[in-house]
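Take a look at the letters that make up each chain.
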Amino acid sequence: MAKVTSLNVNGRKMAVDIDSSVSLLSVLRNDLDLTGSKYGCGEGQCGACTVLIDGVATRSCITQVGRVGGKQITTIEALEKDGKLHPLQEAFIAADAMQCAYCTSGMIMSASALLAKNAKPSRAEIITGMNGNICRCGTYERIVQAIQIASGQAREVA
Amino acid sequence: MIDEHNLFDEIEVERYELFDAPNYNFHFDRRDFIKAFGLGIVFIVPAARVLAQQRGQGESGRGGANQNLPNDIEAWIHVDEKGEVTAFTGKVEVGQNTRTTLTQSVADELHVPVSSVHLVMGDTDLTPFDLGTFGSRSTPTMVPQLRKAAAAAREMLIAMAAEQLNVAPGDLRIVDARFLNHDKSKTLTLAEVAKGRKLVKVIPDNITITQPKDWTIAGTSVTKVDARSYVSGKHRYTFDVKRDGMLYGKIVRPAAFNASLVSVDTQAAAAIPGVKVVTDGNFIGVTAPDQQTVTKAANAIAVDWKSAGQPSNKELFDVLRKPATNQRGGGGEGGGGGARPQGSMADGLAAADKKLEQTYTVQYIAHAPLEPRAAVAEWNGDQLTVWTGSQRPFGVRTELAEAFHIPEDKVRVIVPDTGSGYGGKHTGECAVEAARLAKAAGKPVKLTWTREEEFTWAYFRPAGVIDIKSGVKNDGTLTAWEFHNYNSGGAGIQIKYDIPNNDIRFHASDSPLKQGSYRGLAATANHFARESHIDELAQLVGIDPLEFRLKNIKDERLRAVLQATAKAFGWGKSKPLSDHGVGIACGFEKGGYVATCAEIAIEPPSDKEDKTNRRVRIVRVVEAFECGAIVNPRHLHNQIEGAIVMAIGGALFESIQFDDGKILNPHFAQYRVPRFSDLPKIEIVLVDRKDIASAGAGETPIVGLAPAIGNAIFNATGVRLRSLPMAPRGLTT
């Protein structure tokens, strides 16, 4: 079976020794101890495992690691830089956009991909863009607000 | 101190999962634990009568559950040498923000900043015994318990500071963790007082706690205390726990519920390098050094299962109408302590101008917490430590002790703040499985359930059938109310309507599926049936649904939320648009009062879902909620919003499909849960009652949505939908 021997994760080249058919999520979590990306369904249905592959939001649970060997992988762990949170992370706190927060990493990664494509998405565009991510606690309204805050379209939150 | 006896009397019937027999029977042995604290001050809450762990003992109904544990239950506050405060509670954080609620309550009582208070939660070695995080009990019981400890700590620290400063204790107060005398000429920090001391103090029984009107930190919207660790992905859930030398585990599941093992061939799996196969009765599991190998090994095990025919959704409600053959524990007839009929149904019906008989049903639904069940188990000799996401750490400790035949003091259960529960994580089956694998492997084992396993092998919100017979006068006065709930449960079954003749009962059934607690329990089903039926009666006598309710409700708190909701919604102010409808519903449960107004729109079929059926879109929801004094307005707001969104699923489309002991839709692709696109405009009205002790708020806000939506659909279409979910494939009529 083909092997993957190195991955570009969060701007660093990491040596691994993994069968190419293994899911990227499993490699991130179990081999690289980057546990911010979550398992929620293993079928690409809930978005908890979302990471960026060359900037594109991708479900790492259904992505074989062999397909991303040469690409830039970005996980939630890379968003905080030198102790400073990313604007989306700040906005999620400001909007209280979480309860159990198990979906939060995936939400933030999906939102960052959305904002990279569309700096000021409308409410409808946010809802369409985020619809693949499940928050079972039902904090959707607050996540919408957080994305609006991070994109400079809202400030105050109830 | 805390007397949870009332709670015990009210343990609802539908907490079936607490009475189920264990899944496995193992055979093992035991040794000893010690923990220590450094210097500092430890405050001990004296004896409180606290409820026994309610565990099923089989036949005698709730009898077996009533084993009182030792009376001395300690709740601790610890102030270390740096003046940092640690509070200990057996409650767990599952997204309801109780960590923040409790932290700010302790800070409030001690007069220290929120940032200097740390909570140790849900660790059976470190925290006082706790029954579990359910029943909306954390706020009404744990807040006052920790406040009493904190108040005693504050008084004692003031006495110590007074001695140090040589002033009278009455001359000192604490502001922001500093002791100040009247003219601020003498000050000390908390650290300077606590430093180097090791004292134990029993909290006086008569200690008084700060009343809501005098709160400074409680009552404000303190930010989720560990929000930063969540948004940065750093928080370690059970799924993320790692131990040295840890293996991965997997269980080979039966082909159907109640299936028995015919044969198993483990040879091919055992031949895979690094794999260990464990079989013990009906337990079949494997361990391996990595997840890929363990999955491969589990798939390599050839198993034959045999199961007899079992019911499907088609026969469900007929099955539930039959009396239970097996008496279950918990609750009495009528639920919630045993209802007694009042007046005479015959008289009530005779006095009525109009009578109505209707049946309502609810399907099984799944909690589907985004973090499925998981556990990491580690044995050191006969000592067992398990990390697991459970709402009952002490209950899981008992399950583990029983499964491995060791004393409870050999078992430590640690619950990391967990990826939600909604009442669905009361049981310890995953912890038991992980511990069994770890015992065999001689190494720590992590076992994480797949989404399919979580959907299949956890437990469901009970399905149910509800029959209502009622009578009403033409002027809108209710005269008779007969209510029978089959299987779903007794929570929220009692009425706040003033009906002189009523007979309200719960009837136990044999459930085809494993069922148990769910956010709000049967209060959702009972409110759906009752509030739909009330709407039908209002219709029958031609009275506005709001007016009809107010005419029959005297309870001031319920009237207040009804009126607040109606006002914010603009009830009766304008006619709904064409193809739109409005509905209202109200209710009471667990100390919370709720009223919900909804506007829905009937829309053309959507291409994606069903090409022929019109769909129901929820346009707007307004909900007023009152649960006494509000501890954290923003988090309360968040809980209510979340409950409304979660309620949409059960109201419109969530339903477990099953046949012959198999779950047919155990994936998010088949079991639809609410998503961003289902989000209505939501407006919350918080009613703050500083004169009333705070009740919990995680559950009751969920009960009003389904009936409000059903009533709105009737308003729009003239079609009355009496089954939850109401429109899984859109409107079929």
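Look up: the structure comes first, before these words.
Residues numbered from 1 in each chain as written. Chains lettered and ligands numbered in written order. Predicted model: local features only at pLDDT ≥ 70, side-chain atom pairs only at ≥ 80, totals over all residues.

### A closer look at the interface of chain B and chain A
And step 1. Counting residues at the interface gives 49 residues for chain B, matched by 45 residues for chain A.
And step 2. Elements supplying a minimum of two residues to the side of chain B that touches chain A: α5 (227-231), α7 (291-299) and α16 (633-653) of chain B.
And step 3. At seven residues, the largest contribution of residues to the side of chain B that touches chain A is made by α16(B).
And step 4. Among the residues forming the side of chain B that touches chain A, the class breakdown is 18 nonpolar, 19 polar and twelve charged. (Contact = placed C-beta atoms within 7 Å. Helix = DSSP H or I, 4+ residues; strand = E, 2+ residues; numbered from the N terminus. Nonpolar A, V, L, I, M, F, W, Y, C, P; charged D, E, K, R; others polar.)

### Some details on the nonpolar core
And step 1. Among the nonpolar cores identified, the biggest contains 248 residues, and B:Val386, B:Ala434, B:Leu705 and B:Ile709 are the most heavily contacted of them.
And step 2. Discounting chain neighbours no more than four positions away, the residues touching B:Ala434 are B:Gly249, B:Ala375, B:Val376, B:Ala377, B:Val386, B:Val445, B:Lys446 and B:Leu447. (Core = buried A, V, L, I, M, F, W, Y, C linked by C-beta atoms within 7 Å. Buried ≥ 20, exposed ≤ 12 C-beta atoms within 10 Å, placed from the backbone.)

### As for the sheet that holds strand β23 (residues 592-603) of chain B
All names here are of chain B.
And step 1. Overall, mixed pairing links the four strands, which are arranged β22-β23-β24-β27 in an open sheet. Across the chains shown, the open sheet's two edge strands, defined by having one partner strand only, are β22 (580-589) and β27 (681-687). Looking at each pair of strands side by side, their axes are set apart by 15 degrees on average, direction ignored.
And step 2. Pairing of β23 with strand β24 (residues 615-626), which is carried by eleven bridges, proceeds in the antiparallel orientation. By the bridge assignment for β24, isoleucine 602 is matched with valine 616. (Pairing = 2+ DSSP bridges. Axes fitted to C-alpha atoms, helices over the stretch in contact; angles between N-to-C directions.)

### Focus on the packing of helix α2 (residues 98-110) of chain B against helix α3 (residues 138-165) of chain B
All names here are of chain B.
And step 1. Where α2 meets α3, the axes come as close as 8 Å, and the angle between the chain directions of the two elements is 30 degrees. As the angle between them shows, α2 and α3 are arranged roughly parallel. Of the two possible hands of crossing, α2 and α3 adopt the one that is right-handed. For the pair α2 and α3, the contacting residues are Thr98, Thr101, Leu102, Ser105, Val106, Glu109 and Leu110 in the first and Ser138, Thr139, Met142, Val143, Leu146, Arg147, Ala150, Ala151, Ala153 and Arg154 in the second. (Parallel < 35°, antiparallel > 145°, perpendicular 65-115°, else oblique. Left-handed = near helix turned anticlockwise from the far one by under 90°.)

### Focus on the sheet that holds strand β17 (residues 411-414) of chain B
Residues and elements named next belong to chain B.
And step 1. Pairing within the open sheet is mixed, and its seven strands lie in the order β11-β12-β9-β18-β15-β16-β17. Here the strands that pair on one side only, and so sit at the sheet edges, are β11 (276-280) and β17. For this sheet, the mean angle separating the axes of adjacent strands, direction not counted, is 20 degrees.
And step 2. Pairing of strand β15 (residues 374-380) with strand β18 (residues 445-448) involves four bridges; the strand directions are antiparallel. Directly across from alanine 375, in β18, lies its bridge partner leucine 447.
And step 3. In the packing of helix α10 (residues 393-404) onto the sheet, contacts are made with β16 (383-388) and β17, and the angle to β17 comes to roughly 145 degrees.
And step 4. In the packing of helix α11 (residues 429-441) onto the sheet, contacts are made with β9 (247-251), β11, β12 (283-288), β15, β16 and β18, and the angle to β15 comes to roughly 40 degrees.

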